[in-house]
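# Structural overview
As a plain string of letters, each chain reads:
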Amino acid sequence: MKKNNQTLFPNVDYRIYLSFGILLLVSVLFLLYQFTRHVDCDDANFIVHADEYVINRVVDYQDNTKGAKTWEWDFGDSTVVDKRQITFHKYRKPGDYIVKLKINGSCIHEKMITISSISQDTGYLPVIMSPNVVTVGENVQFNAEKQGGESWEWSFGETSSTDALGKTPVYKFKSVGDKKITLIVNGDIEHIAVKTIYVAPKTIKAKQKIDISSYEFEKPAEAFSLPRGAAQKDPLVDMLQYIPVSPKSKSKKDSLITEKKAPEISNEQFQLLLNQVAAQAKTKDDFKEYVCGNYDIPVVINDKKLMPFGQFCQSIMGKKIKITALRLNKDSKNCIQNINVQYKVKKMMIWIKE
C-alpha cells in the first residue's frame with residue numbers, strides 16, 4: 001500500500017517556500033539590526049560647550065546618547081560634516097548658528113548658539129556702576145549695564161542670598177568693611193559680575209561749635225603742688241597688713257559655644273534628592289536639616305510658577321522629571337532660603353515644561 005505525501009498547497013512549487021523562508025530570515029535580521037541601532041530621540045544626550053562663544057575660539061561637541069553608533073555634526077556655517085563622537089570647531093564670523101546632530105542616521109537634534117565678536121574681557125560681563133566708598137546706614141544707588149539684560153539678581157555681600165532684583169536697586173548697608181557686590185543677569189551664573197566697595201563708618205558731627213575764646217586752659221603744675229614738710233608714713237600701709245586675703249581660685253576657661261549650622265549640600269546632591277522624590281523614594285522630610293525645618297520656603301519653577309517647597313515635593317511625586325538647572329540660596333546658618341529650579345516632565349514620550 002503506497003503512502004501519499006500531501007502538503008498544504010500541493011500545486012505550489014517548493015522553490016516558492018524557499019523564497020518565503022529566505023525573505024523571512026532577511027526580515028528578522030533587519031529588525032535585529034534596527035533594534036541594536038534604536039535610539040530614543042527624546043533622550044538624546046549631547047553637549048555643545050565653550051568657555052566663550054567668540055569668533056576663533058574652540059567650541060567642544062560631544063554626544064553621550066545611549067545606543068548611538070554613528071554621528072553627523074552640521075555646524076551651521078557651511079563647513080564639512082564631522083562624523084566623530086567627540087569633536088571641536090571654530091567659527092570665523094559672528095552670528096547665530098544652528099548646530100544639527102544626526103544620530104544613527106535617524107534622530108536629528110538642533111541647538112542654536114550665538115557667536116560674538118567681543119570677548120567677555122572687553123564687554124561680555126555685566127558692568128556694575130556704584131560708588132567705591134559708601135557710608136553705613138545710608139541709601140546707596142546701584143546701576144548696571146548688560147546688552148540684552150532682562151532679569152537682574154543682586155547680592156550686596158552681607159547675606160548669602162539674593163538681596164535685590166531690578167536694574168537700579170537701592171540698598172542700605174548695615175555693617176562696615178569691604179563688601180563683595182555680585183550681579184547675575186538673565187540667570188547666567190557662568191558670567192557673574194563682581195565689584196568690591198568699602199563701607200565706611202558713619203561720621204559723628206558736633207552739635208555745636210566750641211567757643212575757643214571761652215575755653216579755660218589747664219593750669220601749670222605748680223598751682224596744684226602742696227607745701228613741703230616732713231615725710232609721714234601712710235596709715236594705709238599698716239591697715240593693709242590686717243586685711244584677710246581670699247585664696248586664689250582657679251580660673252575656668254569659658255567654653256566656646258559654636259553656632260549650629262545646617263549641613264552642607266551641593267546643587268548636584270540636592271538635584272539627586274529631588275529625583276528620588278519624583279521616584280517616590282524620598283519625601284520632603286528628608287530635606288528637613290537642609291531647610292532647617294521650614295517647608296514653606298519659596299520655589300521658583302521654570303521662571304513662571306511660585307509655590308512652597310512642601311507643595312513642590314508633592315507635585316513632582318510619581319512623575320518622570322529632567323532637571324536642567326538648579327540654584328540654592330542659603331543664609332549665614334547654611335539654611336536654604338529659596339530655590340530656583342527648571343525642569344521638564346515626560347508626557348506621551350515628549351519632554352515638556354510644566
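Structure: see above.
Rules used throughout
Residues numbered from 1 in each chain as written. Predicted model: local features only at pLDDT ≥ 70, side-chain atom pairs only at ≥ 80, totals over all residues. Heavy atoms only, no water. Helix = DSSP H or I, 4+ residues; strand = E, 2+ residues; numbered from the N terminus. Buried < 20%, exposed > 50% of the residue type's maximum accessible area, 1.4 Å probe, protein only. Contact = heavy atoms within 4.5 Å. Areas by Shrake-Rupley, 256 points an atom, 1.4 Å probe, with all protein chains shown as cover. Pairing = 2+ DSSP bridges. Disulfide = S-S within 2.5 Å. Axes fitted to C-alpha atoms, helices over the stretch in contact; angles between N-to-C directions. Polar contact = N/O pair within 3.5 Å; in protein donor to acceptor, adjacent residues only side chain to side chain. Patch = residues over 30% accessible without salt bridge, like charges linked within 9 Å, V, L, I, M, F, W, Y side chains within 5 Å. Salt bridge = Lys/Arg side-chain N within 4 Å of Asp/Glu carboxyl O. Lys, Arg positive; Asp, Glu negative; His and termini not counted. Charge placed at Lys NZ, Arg CZ, Asp CG, Glu CD. Core = buried A, V, L, I, M, F, W, Y, C linked by side-chain atoms within 4.5 Å.

## Thoughts on the overall build of the protein
Tallying secondary structure elements over the protein gives 5 helices and 20 strands in all. The proportion of buried residues among the 354 residues of the protein is 28%. Once local pairs closer than 6 in sequence are excluded, the contacts in the protein between residues at least 24 apart make up 55%. Carbon and sulfur atoms make up 55% of the accessible area of the protein, which amounts to about 26,300 Å² in all.

## Focus on the pairing of strand 19 (residues 336-347)
Sheet topology places strand 16 (residues 298-301) next to strand 19; 3 bridges connect them, and they run parallel. Considered in strand 19, the bridge of Val300 is made with Asn340. Of the pairings in the sheet, the one linking strand 18 (residues 321-330) to strand 19 comprises 9 bridges and is antiparallel in character. When the bridges of strand 19 are listed, Ala325 appears paired with Gln342.

## A few points about the pairing of strand 15 (residues 193-200)
In regular strands, side chains alternate between the two faces of the sheet. In the sheet, strand 8 (residues 133-135) pairs with strand 15 via 3 bridges, with the strands oriented parallel. Within the sheet, the bridge partner assigned to Val133 lies in strand 15 and is Tyr198. Direction of pairing for strand 14 (residues 177-185) relative to strand 15: antiparallel, over a ladder of 7 bridges. Residue pairing for strand 15: Ile181 is matched across the bridge by Lys195.

## A few points about the state of the cysteines
Evaluated as defined, the whole model comprises 1 disulfide. A sulfur-sulfur separation of 1.8 Å characterises the disulfide bridge that pairs Cys292 with Cys335. Measuring the twist about the S-S bond at about -75°, one finds the Cys292-Cys335 disulfide to be left-handed. Of this pair, Cys292 sits in the loop between helix 4 (288-291) and strand 16 while Cys335 sits in the loop between strand 18 and strand 19, and the two are 43 residues apart along the sequence.

## As for the sheet that holds strand 12 (residues 164-165)
Pairing in this open sheet of 5 strands is mixed, and the strands run 8-15-14-11-12 from one edge to the other. A single partner strand is all that each edge strand has here, and the edge strands are strand 8 and strand 12. Pairing analysis gives 2 bridges linking strand 11 (residues 152-155) to strand 12, with the strands arranged antiparallel. Residue pairing for strand 12: Glu153 is matched across the bridge by Leu165.

## A short note on the sheet that holds strand 2 (residues 58-63)
In spatial order, the strands read 1-2-4; together these 3 strands make up an open sheet with antiparallel pairing. Since the sheet does not close on itself, it has two edges, and those belong to strand 1 (46-49) and strand 4 (86-90), each with one partner. The mean angle between the axes of side-by-side strands here comes to 15°, regardless of whether they run parallel or antiparallel. Across 5 bridges, the pairing between strand 2 and strand 4 is antiparallel. Bridge assignment links Asp60 to a residue of strand 4, and that residue is Phe88.

## Quick look at the side chain of Lys330
With respect to the secondary-structure elements, Lys330 resides in strand 18. Lys330 gets classed as buried once you look at its relative accessible area, which sits at 12%. At 2.8 Å, the side chain of Lys330 forms a polar contact with the backbone oxygen of Ile265. In this view, Lys330 contacts Ser160, Ser161, Glu264, Ile265, Cys335, Ile336 and Gln337; residues no more than four positions away in its chain are not counted.

## Here's the deal with a positive patch on the surface
The grouping of Lys304, Lys320, Lys322, Lys344 and Lys353 at the surface amounts to a positive patch. Locating Lys322 in the fold gives a position in strand 18.

## Quick word on the nonpolar core
In terms of nonpolar packing, the biggest core is built from 27 residues, with Phe270, Leu274, Phe309, Phe312, Ile336, Ile339 and Tyr343 touching the most fellow members. Of all elements in the fold, only helix 3 (267-278), helix 4, strand 16, helix 5 (309-316), strand 18 and strand 19 reach the threshold of two or more residues within this core. Those residues in contact with Ile339 that lie beyond four places of it in its chain are Phe270, Ile297, Pro298, Val299, Val300, Phe309, Leu326, Arg327 and Leu328.

## Quick look at the pattern of salt bridges
Going through the model one piece at a time under the given rule, you end up with 6 salt bridges. For Arg57, the salt bridge is made with Glu52, and the minimal N-O distance between the two is 2.4 Å. A relative accessible area of 13% means that Glu52 is categorised as buried. Where Lys330 meets Glu264, a salt bridge forms, and the shortest distance between an N and an O atom there is 3.1 Å. Taken together, the residues Lys330 in strand 18 and Glu264 in the loop between helix 2 (235-240) and helix 3 connect sequence positions 66 residues apart.

## Digging into the side chain of Asp82
Among the secondary structure elements, Asp82 is positioned in the loop between strand 3 (71-74) and strand 4. Residue classification places Asp82 among the buried residues on the basis of a relative accessible area of 12%. Separated by 2.9 Å, the side chains of Asp82 and Arg84 make a polar contact. Within the local environment of Asp82, its side chain forms a polar contact with the side chain of Thr87, the two groups lying 2.8 Å apart.

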